[in-house]
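Structural overview
Each chain is listed here by its residues.
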Amino acid sequence: MNSSGMTLTRSDREKLESKMGKFRHFVILLLVVQTWAGGGRAAGSTGTNNPTFFNIGGVLSNNESKAHFNHTIDHLNFDAQYVRKGVTYYHTVIEMDPNPIRTALSVCKYLITQKVYAVVVSHPLIGDLSPAAVSYTSGFYHIPVIGISSRDSAFSDKNIHVSFLRTVPPYSHQADVWVELLKHFNYMKVIFIHSSDTDGRALLGRFQTTSQSLEDDVEIKVHVESVIEFEPGLKNFTEQLMDMKNAQARVYLMYATTTDAGVIFRDAAYLNMTGGGYVWIVTEQALEASNAPEGLLGLKLINATSEQAHIKDSLYVLVSALRDMNEAENITEAPKDCDNSGSIWETGKKLFDYIRRQVLHNGATGKVAFDDNGDRIFAEYDVINIKERGRQASVGQYFYSSNITKMRLKLDEANITWPGRLRTKPEGFMIPTHLKVLTIEEKPFVYVREVFDQKPCLPDEIPCPHFNTTEDNLTQKFCCKGYCMDLLKELSKTINFTYSLALSPDGQFGSYMAKNNSFGSKKEWSGLIGELVNERADMIIAPLTINPERAEFIEFSKPFKYQGITILEKKPSRSSTLVSFLQPFSNTLWILVMVSVHVVALVLYLLDRFSPFGRFKLANTDGTEEDALNLSSAIWFAWGVLLNSGIGEGTPRSFSARVLGMVWAGFAMIIVASYTANLAAFLVLERPKTKLTGINDARLRNTMENLTCATVKGSAVDMYFRRQVELSNMYRTMEANNYDTAEDAIRDVKIGKLMAFIWDSSRLEFEAAQDCELVTAGELFGRSGYGIGLQKGSPWADAVTLAILDFHEGGFMEKLDHQWILQGNPQQCEQFEKTPNTLGLKNMAGVFILVAAGILGGIGLIMIEMVYKKHQIRKQKKLELARHAADKWRGAIEKRKTLRASIPAQRRIQSNGLNDPTTVSLAVDTVARASITPRSPGRAWPGDSDIRQRPLSRSEDIRLSPAAYTADVSHLIV
């Protein structure tokens, strides 16, 4: 709609935009041609002093405006506050032509030739392209142009409208008022509807920027649930409205032309979306629709149609800028025709900056100031409410307050009529009663069990398939139970909602990390948080730690469990080696004891041997004699006294040795008593509970190679370490060791692969209660709490928080703690610690091995003794044979001697007449036996049987030589 109230159709607008593009090229071509044609005519040179007169041009829409323009300049010449003495302002005004080409030619012919320093332009009665023609033409020479009625966002583009400023704000600035309205009514979730033209998109961009940078409370940020963009020239809007009806938000912000707004309002009324419970807030154009519903809120710029007021403000701003520039800058003469385009007018560029920096505090249209694009700021609006029969009524203002030096919204809420003719403010959203709830497996809060064969879940379980399950995984079914599941059941009954539960799609809580896509690198949330931020889920019920990073993107309830961060480690155990029974004494002491035993034994032996009363055999009472103490008996005595065993034999006999023996017994008593006491203390001594003292342990802060610690990647604990500067060294070391899940880390702690796992205290205390070999080290740090995650601006946030507070007061949360975390036996490990240590095989295995070694040693020694004994027996047999042979040989020699001695006697007998051989033989035998030395009873001379068997002839006696006999003996030995 133009300033005259005429409405452009979509086809007309497209034709105008097409003509505008052609016109722009035409103007540039026209200026170039004129430059070539009149290249010899240059502008007049400037003097050393600044000009004393300035001509200001005007392109206005009617005679009344032209007259007011001239009158205002004439009045300014007599205002010493704005015009320095000796300076005069002149005016040159032309009427706006609806044809933009003729307007451009008129600017060149009637304004630039008069060397105007600036141009004030209004809006034509019909058409909307002529102000752009003035901006293009003047901008080519950098002549500042001040618009007083053009509000299109295209004029904010300084690449096209290089020298354009305006005393009216663009349509997109209504977004600032919208944000204040939403903040006032506490509407934090909206649906944004806009056309796809430049103004619609500019309004959306400004709204998104402004709504996310509220100054009063950073926690309050308007969330756009859905953005609906449509092409101008609507015929039907029913499909988009149906999508809006299924959303939660019931607050609709709309930018549309008057015609398109009429179509939207028509279809919305048909779907009953303009009645009670709905809120419509629109821009100025949509407010003028004939079928605007009752209760609608819209904006209207104050003094928007007062052209004379804007003319006055624009001239005062311009004159103030020239005054300031005249005092500080060298002002050159303005271009005097459109033929001269060979150089840029630098004074015009500087003048544009001076105008943009001006602030008019008491202007006719309020406080006048400009932003970097030359757009009016501090513009004031009326808040309009549609009453019965389409009557418009102002119910508030958005104005500049000099007291607080910023814009302020003032509303008369009691006078507002809301849709459905309600007098109370609608809630602005529809509370859904069926929620999509996400969770994650984390003992003891959530236990997950996979079921097969389509078996149903148990009564205390809830079905929980993986989120966004594909058709390939439909056969997988999971059931969940635990702390959070019981909490979810109680919440649904308390605040009355139904739910569908699903597991995290990637098994992670979520981390904020950069993701590369076609639009470049952008940070996004993954895991559970990502599903909630992207509005694919309504609630997260899990051990979700509340921290600043997450709270910036999602809503948290009050904590349902308070906890902190702690360290889990395996209890240090005393090593039980095979020689653990030797540990009460040091190695040096054992060596000294062993040496002492043998030294004392040696001294005992020497004392007993050299004592006059110990080296002789002593008579016993039974008449037998006992040997004196030898070295073996002395060693046996020393060991027997030390080991407290009975001494049956081999005791010292001398007084000196017995004194030493008594001293040795005292020594043994002290050693054995000390060993026994130290062994008992060693075996029952309480082992240390932890190896670490807490997060401030020096071994964690300056991590050594043999001390590994870790947490879970992307978790709240990981974020905590990133925030803490004093833990940066520790975090850099542990970052490489971090795990994907807490389950993997706890498993490695149990097997000793990981020495310290840093995680939430609730989970680690549960693990320590389940396995008494695990223990938490030090005090809690990084205290926080577990909360239920919700979407930003969720209508369930307050209800969930109140329910959790009731659960705390009613003891329900304490009941869940005992049931799931403490498992009903919180002192199990404490009782285990108080029970005395029981000795097992691992403690005394070395003693049994020592006994086994003694047995094996005894068996080995007996085998050696047997082999040695057999060797001795064989040696004795050989010696007996040799002795027997030697005795036989000796007997034979004696026989020969006897025979030789008996031969003369035989001869005497023979000579006496004894020739009987038998008589001779018996005589010889008798003589031989009589001459031999008597033997022991039972022993006979070797060869006796041979001598008795037959008589010895002389020839045989001669052949029995020593050599022959030696050979026989050797044969027998072999």
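Residues numbered from 1 in each chain as written. Predicted model: local features only at pLDDT ≥ 70, side-chain atom pairs only at ≥ 80, totals over all residues. Heavy atoms only, no water.

1. Notes on the state of the cysteines
The tally for this structure, following the rule as stated, stands at 3 disulfides. A sulfur-sulfur separation of 2.1 Å characterises the disulfide bridge that pairs C108 with C338. Around the S-S axis, the bridge from C108 to C338 shows a dihedral of about -100 degrees and counts as left-handed. A residue pair is termed long-range when its members are at least 10 positions apart, and C108 in helix α3 (residues 100-111) and C338 in the loop between α10 (307-328) and α11 (346-356) qualify at 230 residues. When its relative accessible area of 3% is taken as the criterion, C338 is described as buried. Each disulfide pairs two cysteine sulfurs, and for C457 the partner residue is C479, the sulfurs being separated by 1.8 Å. For the disulfide bridge between C457 and C479, the dihedral angle about the S-S bond is near -80 degrees, and by the sign convention the bridge is left-handed. You can see C457 sitting in the loop between β18 (447-451) and β19 (462-463) and its partner C479 sitting in strand β20 (residues 477-481), a full 22 residues away along the chain. (Disulfide = S-S within 2.5 Å. Helix = DSSP H or I, 4+ residues; strand = E, 2+ residues; numbered from the N terminus. Buried < 20%, exposed > 50% of the residue type's maximum accessible area, 1.4 Å probe, protein only.)

2. Points about the side chain of S149
Along the chain, the position of S149 falls in the loop between β4 (145-147) and β5 (164-166). Reaching out from S149, the side chain makes a polar contact with the backbone nitrogen of H123 at a distance of 2.9 Å. Discounting residues that sit within four places of it in the chain, S149 has contacts with S122, H123 and V168. (Polar contact = N/O pair within 3.5 Å; in protein donor to acceptor, adjacent residues only side chain to side chain. Contact = heavy atoms within 4.5 Å.)

3. Points about the nonpolar core
I56, V59, F69, Y89, V119, L315 and I355 are the most contacted members of the largest nonpolar core, which has 55 residues in total. Sorting elements by how many residues they give to this core places α10 first, with 9 residues. The contacts of L315, once residues within four sequence positions are left out, are I56, F69, T72, I73, L76 and V120. Among the nonpolar cores identified, the runner-up in size contains 37 residues, and L203, L253, Y398 and L409 belong to it. (Core = buried A, V, L, I, M, F, W, Y, C linked by side-chain atoms within 4.5 Å.)

4. Some details on the packing of helix α2 (residues 63-76) against α10
Two elements in contact, α2 and α10, have axes separated by 10 Å at closest approach and are oriented at 35 degrees. The handedness of the crossing between α2 and α10 comes out as right-handed. Contacts from E64, S65, H68, F69, T72, I73, H75 and L76 of α2 reach α10 at E307, Q308, I311, K312, L315, Y316 and V319. Looking at the contact of α2 with α10, its residues break down into 7 nonpolar, 5 polar and 3 charged. (Axes fitted to C-alpha atoms, helices over the stretch in contact; angles between N-to-C directions. Left-handed = near helix turned anticlockwise from the far one by under 90°. Nonpolar A, V, L, I, M, F, W, Y, C, P; charged D, E, K, R; others polar.)

5. Brief notes about the sheet that holds strand β13 (residues 376-377)
Spatially, 3 strands are ordered β11-β12-β13 in an open sheet, and the strand pairing comes out antiparallel. Looking at which strands have only one partner, the edges of the open sheet turn out to be β11 (360-363) and β13. For β11 and strand β12 (residues 366-370), the ladder comprises 2 bridges, and the chain directions are antiparallel. Bridging across to β12, G363 finds its partner in G366. Of the strands in this sheet, β11, β12 and β13 touch α10, which is tilted by about 150 degrees from β11. (Pairing = 2+ DSSP bridges.)

6. Re helix α16 (residues 631-642)
For α16, built from 12 residues, the straight-helix expectation of 16 Å at 1.5 Å per residue is met to within 8% by its first-to-last C-alpha distance of 17 Å. Within the sequence span of α16, burial applies to A634, F637, A638, G640, V641 and L642. Positive phi appears at N644, one or two residues downstream of α16, with a value of about 60 degrees. (Expected span 1.5 Å × (residues − 1).)

7. Things to note about the packing of aromatic side chains
Counted by the stated rule, this structure contains 34 aromatic pairs. Seen from their ring centres, F185 and Y187 are 5.9 Å apart, and the 35 degrees between their planes marks the pair as tilted. Like Y187, F185 is buried. Taken together, F54, Y89, Y117 and W345 form an aromatic cluster joined through their ring pairs. Over the face of the ring belonging to Y354 we find R357, whose NZ or CZ atom lies 4.7 Å from the ring centre. Of note, K367 hangs over the ring of F378, and the distance from its end group to the ring centre comes to 4.3 Å. (Phe/Tyr/Trp six-rings, centres within 6.5 Å; stacked < 30°, edge-to-face > 60°. Lys NZ or Arg CZ within 6 Å of the ring centre and 35° of its normal.)

8. Observations concerning the pattern of salt bridges
Under the definition given, this model contains 28 salt bridges. The shortest N-O distance in the salt bridge between K300 and E288 comes to 3.6 Å. Of this pair, K300 sits in strand β10 (residues 297-301) while E288 sits in the loop between α9 (284-287) and β10, placing them 12 residues apart in sequence. Judged by its relative accessible area of 30%, K300 is partly exposed. Taken together, the salt bridges that share partners define one network made up of E442, E743, R763 and E767. (Salt bridge = Lys/Arg side-chain N within 4 Å of Asp/Glu carboxyl O.)

9. Details of the environment of L754
By the secondary structure assignment, L754 is in the loop between α21 (742-751) and β30 (756-760). For L754, a relative accessible area of 4% corresponds to the buried category.

10. Things to note about unusual backbone geometry
Note that the residue after K443, namely P444, is joined by a cis bond; omega there is 0 degrees. One non-glycine residue, E535, lies in the positive phi region at around 60 degrees. Mapped onto the elements, E535 comes out in the loop between α13 (527-533) and β24 (539-545). Judged by relative accessible area, which is 28%, E535 ranks as partly exposed.

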